[in-house]
2 protein chains.
Amino acid sequence: LEVGGRVLGVHALLVPLRDPAGKVLPGIRIEDCGEKMGLNGVDNGRIWFEHVRVPRENLLDRFGQVNAQGEYTSAITGDSKRFFTMLGTLVAGRVSVAAAALSAAKSGLTIAVRYGDLRRQFGPAGDKEFRLLDHQAHQRRLLVPLAKTYAMDFALEYLVERYVKRTEEDAREVESLAAGLKAYSTWHTTAVLQEAREACGGQGYLQANRLAALKADTDVFTTFEGDNTVLMQLVAKGLLTGYRQRFEDDRVFAVLKLLADRATAVVDRNPFAARRTDSDHLRDNDYHLRALRFREEELLATVSQRIRKRLSAGVEAFEAFNQVQVHLLELAHAHVERLVLEQFLKGVADVKDPGLKTVLGRLCDLYGLSCLESANGWFQEHGWLEGTKVKAIRKEVTRLCAELRPDAVALVNAFGVPDTCLAAPIGLGHLSP
Amino acid sequence: LEVGGRVLGVHALLVPLRDPAGKVLPGIRIEDCGEKMGLNGVDNGRIWFEHVRVPRENLLDRFGQVNAQGEYTSAITGDSKRFFTMLGTLVAGRVSVAAAALSAAKSGLTIAVRYGDLRRQFGPAGDKEFRLLDHQAHQRRLLVPLAKTYAMDFALEYLVERYVKRTEEDAREVESLAAGLKAYSTWHTTAVLQEAREACGGQGYLQANRLAALKADTDVFTTFEGDNTVLMQLVAKGLLTGYRQRFEDDRVFAVLKLLADRATAVVDRNPFAARRTDSDHLRDNDYHLRALRFREEELLATVSQRIRKRLSAGVEAFEAFNQVQVHLLELAHAHVERLVLEQFLKGVADVKDPGLKTVLGRLCDLYGLSCLESANGWFQEHGWLEGTKVKAIRKEVTRLCAELRPDAVALVNAFGVPDTCLAAPIGLGHLSP
């Protein structure tokens, strides 16, 4: 928007595109994006405007108004701050995309788990063949993602609550939360649906069994409403800002806090703890959480240090951040994963029914422990895990999958995807369409 | 085939399905599989035969014949051996699928790398925006897969040669080679195309830019001609058989060989080697190869031990293998990766042109080192790597990507995918279709 020659940044205006007969109005050119991988019901296109006049009333003027005298007013004085406030609208979109992605993951898992419980392949000589889900690798490929899907459910419930109750004070934090969870959730969905497709073999490739459409429709979720890689950098930069402020606000307190955190870390890093391999310890959620917190703090402290070093050596700011981009992405991932585990733990703590609590607790153990397993290289590198413990974690993850196997079908049924929405024959008790 | 009441196993027969007018013949029922995710030009379906008579001449009788007197003869006396000989026909299919997958990966990378070199996004304040490929994370996400794609090229050339020159003696080995490389190549393609799609953002989602079709058509490659997970188990079982034979053939020699291997391993596992972090050492391909060989041997020895332990405790054979299934899959992966690196190294060694040798050598360094990086958890667990070295490897991989960046476009151009086949506007110098 420009008023009286002053550039005021991006503002939204309602512009009529067509006359009542549906003909495009003068000065407007419309082009469709053409066929896409999926979501072809969504009308993506590009629009060009040339000398199109609209009355000032068409300005969406919640954050900035133009009066009859052509004067611009806004409660938000800084142009940049106003721009970011307006961008805040995108947050709702990110919350929705994260949730839509999770729904697709649930459908995909429902199909693959039910089919895996039905379909038999290979078995002991002269005996009945095993169900797919009784093969060790099949349990791992589906039940670890199942645990993560449950974790995401609690995390997104938390996100929606934070979003609904957001205030001006925590708006930035909620924005970062939405960005991080949108990225984590949509990447998860892409991975889950791929795994589900492969786990269903040739049946997974048939359109009738729905995985093809689920994949095609959700593939762009990692891109739209903000590219995941870009969003994760936003998250990391938000953390860096917070980190700097911690020191600026109260240097002494921050240093003490840091020392205390490191002391906790030392407890887990001492040779005894780094080698503990008993099941009780490996299934201790506080232990998982301490590990994820340690990783996040460590990545934050080190990336902050690396950036400072570059800046003081005179490296241009954008270039300095670019030189540690992979590190920033790791930090964001560590941050989101810690958040998700926290919410899963809170969710399990709130459950009253003892049977349900046991199964959910097991899923939560699996999620927490599989986070450690998949980052075991990092944890060893930083002295948090030793070789024998990594081996024990691997065994425990496998064992948890086997323990959850009998409840697998019940756990996907609990997603409550209606048959009419699932609509996949192999997800509804048939071996083929 | 049953002859005179004797069941002789699966044999192939030519059976006419339709009359000259195209009508399905009596006793035959045909059903189409319906629409699939991709490859809809391929006519998949199911056929039922009921009391259909065909003359004995319709038997494809290379490995077993029925004479006019109704007597069965075969040069291969064992039914099981004959069955596996016939299954050998599938090997050609696996070689082809592996190669087709690689071609798709090349097309996907060509599109994504050229687009990444063209498209700009974000940059220093007041300056030109960076090309996508000048962002650190973008280099990693595309150039590490580029190195692997080159590695696969050499490995598949080797596979084709081995396949063409196969004899009865090495048929099993070639079969295993084809199985392993088919799985490794097709999983690589699925991952590369996903990365390419995301790296091209919204443009990658448009059908016009070809990634959607490439993904859809190749997605089933991980399934058909043998499910990848099943094939990798075949590979692992082949290795176990070889391992047992090594001991049976010459126990003393085998033990000495094993001790020698372990001695080499000790050289790299001593604290000095485990901590060496200089670039020369990190780019030493012999070092990469020693690492991959060590991993393969170690996984083979330990999985063999675990199976023996179970069998002697009376666990049923199928169940015993199932209890170590994930370990078997890791072994197969380690085996194939070592093979691929060996072929890449041989390929680079044969290059005469010094400029080409430098660039290919760098790609080979990147492939070898990224194998170590992605398995750094395992290598730390087994004392082959220490934390400081893992950090150094990570830095070196990032540095190699940056060094290869200027040659990235030339390296995808060298795939020689014709423009008419690529057919993606963003892969041919346009920012959008």
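Before any of the text, the structure's been laid out above.
This structure is a prediction, so every number in the text was calculated from the model and none was measured.

Rules behind the numbers
- Residues numbered from 1 in each chain as written.
- Chains lettered and ligands numbered in written order.
- Predicted model: local features only at pLDDT ≥ 70, side-chain atom pairs only at ≥ 80, totals over all residues.
- Heavy atoms only, no water.
- Phe/Tyr/Trp six-rings, centres within 6.5 Å; stacked < 30°, edge-to-face > 60°.
- Helix = DSSP H or I, 4+ residues; strand = E, 2+ residues; numbered from the N terminus.
- Buried < 20%, exposed > 50% of the residue type's maximum accessible area, 1.4 Å probe, protein only.
- Core = buried A, V, L, I, M, F, W, Y, C linked by side-chain atoms within 4.5 Å.
- Domains from an automatic or database assignment.
- Contact = heavy atoms within 4.5 Å.
- Buried area = accessible area lost by both parts, 1.4 Å probe.
- Salt bridge = Lys/Arg side-chain N within 4 Å of Asp/Glu carboxyl O.
- Polar contact = N/O pair within 3.5 Å; in protein donor to acceptor, adjacent residues only side chain to side chain.
- Axes fitted to C-alpha atoms, helices over the stretch in contact; angles between N-to-C directions.
- Parallel < 35°, antiparallel > 145°, perpendicular 65-115°, else oblique.
- Nonpolar A, V, L, I, M, F, W, Y, C, P; charged D, E, K, R; others polar.

A. Spotlight on the packing of aromatic side chains. Counted by the stated rule, this structure contains 22 aromatic pairs over all chains. Centroid distance A:Phe130 to B:Phe318: 4.8 Å. Interplanar angle 75°. Geometry classified as edge-to-face. With A:Phe130 in the loop between helix H2 (89-118) and helix H3 (136-164) and B:Phe318 in helix H12 (residues 317-322), this pair bridges two chains. Here the aromatic rings of B:Phe344 and B:Tyr367 are separated by 6.4 Å at their centres, their planes lie at 50°, and the arrangement is tilted. Residue B:Phe344 is found in helix H13 (residues 325-350), and its partner B:Tyr367 is found in helix H14 (residues 354-374); the two are separated by 23 residues along the sequence. Exposure remark for B:Phe344: the relative accessible area of 0% places this residue in the buried category.

B. Examining the nonpolar core more closely. Core analysis: the largest hydrophobic core is formed by 105 residues, its most contacted members being B:Leu181, B:Val340, B:Phe344, B:Tyr367 and B:Phe379. Considering every element that reaches this core, the biggest residue donor is helix H3 (residues 136-164) of chain B, with 14 residues. Residues from two domains meet in this core; each of domain 1 (88-226) and domain 2 (228-403) of chain B gives at least three. The contacts of B:Val340, once residues within four sequence positions are left out, are B:Ala151, B:Met152, B:Ala155, B:Leu181, B:Tyr184 and B:Tyr367. Among the nonpolar cores identified, the runner-up in size contains 102 residues, and A:Val235, A:Phe294, A:Leu339 and A:Cys401 belong to it.

C. Representation of the interface of chain A and chain B. Facing 64 residues of chain A, the contacting portion of chain B comprises 64 residues. Overall, the association of chain A and chain B removes approximately 4800 Å² of surface from exposure, summing both partners, and the carbon and sulfur fraction of that is 52%. If you look at where chain A meets chain B, you find 8 salt bridges. Put simply, A:Glu381 and B:Arg394 hold a salt bridge, and the shortest N to O gap is 2.5 Å. Where chain A packs against chain B, one counts 40 residue pairs in polar contact (both at pLDDT 80 or more).

D. Layout of the packing of H3(A) against helix H16 (residues 387-404) of chain A. Residue and element names in this part refer to chain A. Here H3 crosses H16 at 85°, and the two axes come no closer than 9 Å. Of the possible angle classes, the one that applies to H3 and H16 is roughly perpendicular. The residues of H16 that touch H3, namely those facing Gln136, Gln139, Arg140, Leu143 and Val144, are Arg394, Val397, Thr398, Cys401, Ala402 and Leu404. For the contact of H3 with H16, the per-class residue count stands at 6 nonpolar, 3 polar and 2 charged.

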